[in-house]
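Each chain is listed here by its residues.
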Amino acid sequence: MILHLSCKEDNKTSSDSSTSQQRIIQTNFKSFIDISWNEKNVDTLTHVLAKNYFCNHNGIRVAGDRNEMQAFMKTYFIGFPDARFATDATVIKNKQLFTHWTFKGTNTGAFRQMPATGKKIKITGYATVYFNGDGEIVQEDIYFNELEFLQQLGYTLIPPILK
């Protein structure tokens with residue numbers, strides 16, 4: 001009987017620790033989306049991103065540290081001053097967060113060396129976000145349809161000339 005109670009206590013402590021870590025992850029991710037992105041406050045990145053942070057979009061590295069992420073985010077803030085991110089679904093498993101997101105905005109400023117188009121866009125995508133033991137974001141792997149993004153901005157593909 002004593003052994004059974006002792007094991008039960010250990011499981012509860014482990015479960016409480018896991019729940020606490022999930023709360024920290026949830027809070028930091030919410031701050032990252034709501035404050036860093038939606039309120040356009042890149043100063044908060046020092047609190048939510050680990051020193052060794054990096055971000056990939058569709059398998060391509062777009063930021064290799066906090067400073068590069070600040071610069072990357074600012075290109076979106078200039079190109080889409082009314083930009084908003086929303087997370088439609090989020091699941092946390094261990095130190096990973098999986099989310100389906102929606103990005104909306106109007107392209108009224110220069111973006112990635114392209115002039116403003118004045119077009120409204122709405123893009124959805126998925127992300128896997130990795131956290132360290134302190135609940136800081138270490139890595140983001142983000143996937144979305146970049147062709148759809150560019151088409152919503154008004155860009156088109158020109159078919160190749162075949163001989």
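Criteria and thresholds
- Residues numbered from 1 in each chain as written.
- Predicted model: local features only at pLDDT ≥ 70, side-chain atom pairs only at ≥ 80, totals over all residues.
- Heavy atoms only, no water.
- Phe/Tyr/Trp six-rings, centres within 6.5 Å; stacked < 30°, edge-to-face > 60°.
- Helix = DSSP H or I, 4+ residues; strand = E, 2+ residues; numbered from the N terminus.
- Buried < 20%, exposed > 50% of the residue type's maximum accessible area, 1.4 Å probe, protein only.
- Core = buried A, V, L, I, M, F, W, Y, C linked by side-chain atoms within 4.5 Å.
- Contact = heavy atoms within 4.5 Å.
- Pairing = 2+ DSSP bridges.
- Axes fitted to C-alpha atoms, helices over the stretch in contact; angles between N-to-C directions.
- Expected span 1.5 Å × (residues − 1).
- Polar contact = N/O pair within 3.5 Å; in protein donor to acceptor, adjacent residues only side chain to side chain.
- Salt bridge = Lys/Arg side-chain N within 4 Å of Asp/Glu carboxyl O.

A.B. asks: Please explain the packing of aromatic side chains as it appears in this structure.
C.D. replies: Ring pairs (aromatic) are described by centroid distance and by the angle formed between their planes. Per the stated rule, a full pass over the model turns up 15 aromatic pairs. Aromatic pair tryptophan 37 and phenylalanine 77: ring centres 5.8 Å apart, planes at 80°, arrangement edge-to-face. Residue tryptophan 37 is found in helix H1 (residues 2-38), and its partner phenylalanine 77 is found in helix H3 (residues 66-79); the two are separated by 40 residues along the sequence. Across the pair, phenylalanine 77 and tryptophan 37 agree in class, each one buried. Between phenylalanine 80 and phenylalanine 149, the ring centres sit 6.0 Å apart and the planes meet at 50°, which makes this aromatic pair tilted. Residue phenylalanine 80 is located in the loop between H3 and strand E3 (84-93), and its partner phenylalanine 149 is located in helix H4 (residues 146-152); the two are separated by 69 residues in the primary sequence. The exposure classification of phenylalanine 80 matches that of phenylalanine 149, with both residues buried.

A.B. asks: So what exactly am I meant to see when it comes to the nonpolar core here?
C.D. replies: The tendency in soluble globular proteins is for nonpolar side chains to be buried side by side. Counting 36 residues, the largest nonpolar core has Phe32, Trp37, Met69, Phe80, Phe103 and Phe149 as the members making the most contacts within it. Counting residues per element, the ones that place at least two in this core are H1, helix H2 (45-48), strand E1 (49-57), H3, E3, strand E4 (96-106), strand E5 (120-131) and strand E6 (137-144). In contact with methionine 69, not counting residues within four places along its chain, are Phe32, Trp37, Leu45, Leu49, Tyr53, Cys55, Ala63 and Glu140.

A.B. asks: Can you walk me through the sheet that holds E6 in this structure?
C.D. replies: Across a sheet, strands are paired by hydrogen bonds formed along the backbone, either parallel or antiparallel in direction. Judged by pairing direction, the sheet is mixed, and its six strands sit side by side in the order E2-E1-E6-E5-E4-E3 without closing on themselves. What marks the edges here is a single partner per strand, and that holds for strand E2 (60-63) and E3. On average, each strand axis in the sheet is tilted by 25° relative to the strand beside it, whichever way the strands run. When E4 meets E5, the two strands line up antiparallel, connected through eleven bridges. Each bridged residue has a counterpart across the sheet, and for threonine 99 the counterpart in E5 is alanine 127. The sheet contacts of H3 involve E1, E2, E4 and E6, and relative to E1 the element is tilted by about 50°.

A.B. asks: Where do I start with H3 in this structure?
C.D. replies: Side chains three or four residues apart in an α-helix point the same way, a direct result of the helix having 3.6 residues per turn. Along its 14 residues, H3 runs 20 Å from first to last C-alpha, staying within 8% of the 20 Å computed at 1.5 Å per residue. When H3 is considered as a whole, its buried residues turn out to be Arg66, Met69, Gln70, Phe72, Met73, Tyr76, Phe77 and Gly79. Sitting at the amino-terminal end of H3 is aspartate 65, which places a side-chain oxygen 3.1 Å from the backbone nitrogen of asparagine 67.

A.B. asks: Explanation requested: unusual backbone geometry in the structure shown.
C.D. replies: Backbone geometry follows two general trends: most residues other than glycine have a negative phi, and most peptide bonds adopt the trans configuration. Of note, the phi angle at lysine 40 is positive, near 55°, even though the residue is not glycine. For lysine 40, a relative accessible area of 27% corresponds to the partly exposed category. For arginine 112, which is not glycine, the phi torsion reads 50° and is therefore positive. The topology assignment puts arginine 112 in the loop between E4 and E5. According to the relative accessible area criterion, arginine 112 is partly exposed, its value standing at 33%.

A.B. asks: Is there a simple way to think about the pattern of salt bridges in this case?
C.D. replies: It is possible for side chains bearing opposite charge to pair when their charged atoms get close. Applying the stated criterion across every chain, the model contains two salt bridges. In this structure, lysine 30 engages aspartate 34 in a salt bridge whose closest nitrogen and oxygen atoms are separated by 2.5 Å. On the criterion of helical spacing, the pair formed by lysine 30 and aspartate 34 is a turn pair, its members being four residues apart in helix H1. Residue classification places aspartate 34 among the partly exposed residues on the basis of a relative accessible area of 28%. Here glutamate 146 and arginine 112 are joined by a salt bridge, their closest N and O atoms 3.0 Å apart. Residue glutamate 146 is found in helix H4, and its partner arginine 112 is found in the loop between E4 and E5; the two are separated by 34 residues along the sequence. By relative accessible area, glutamate 146 is classed as partly exposed at 30%.

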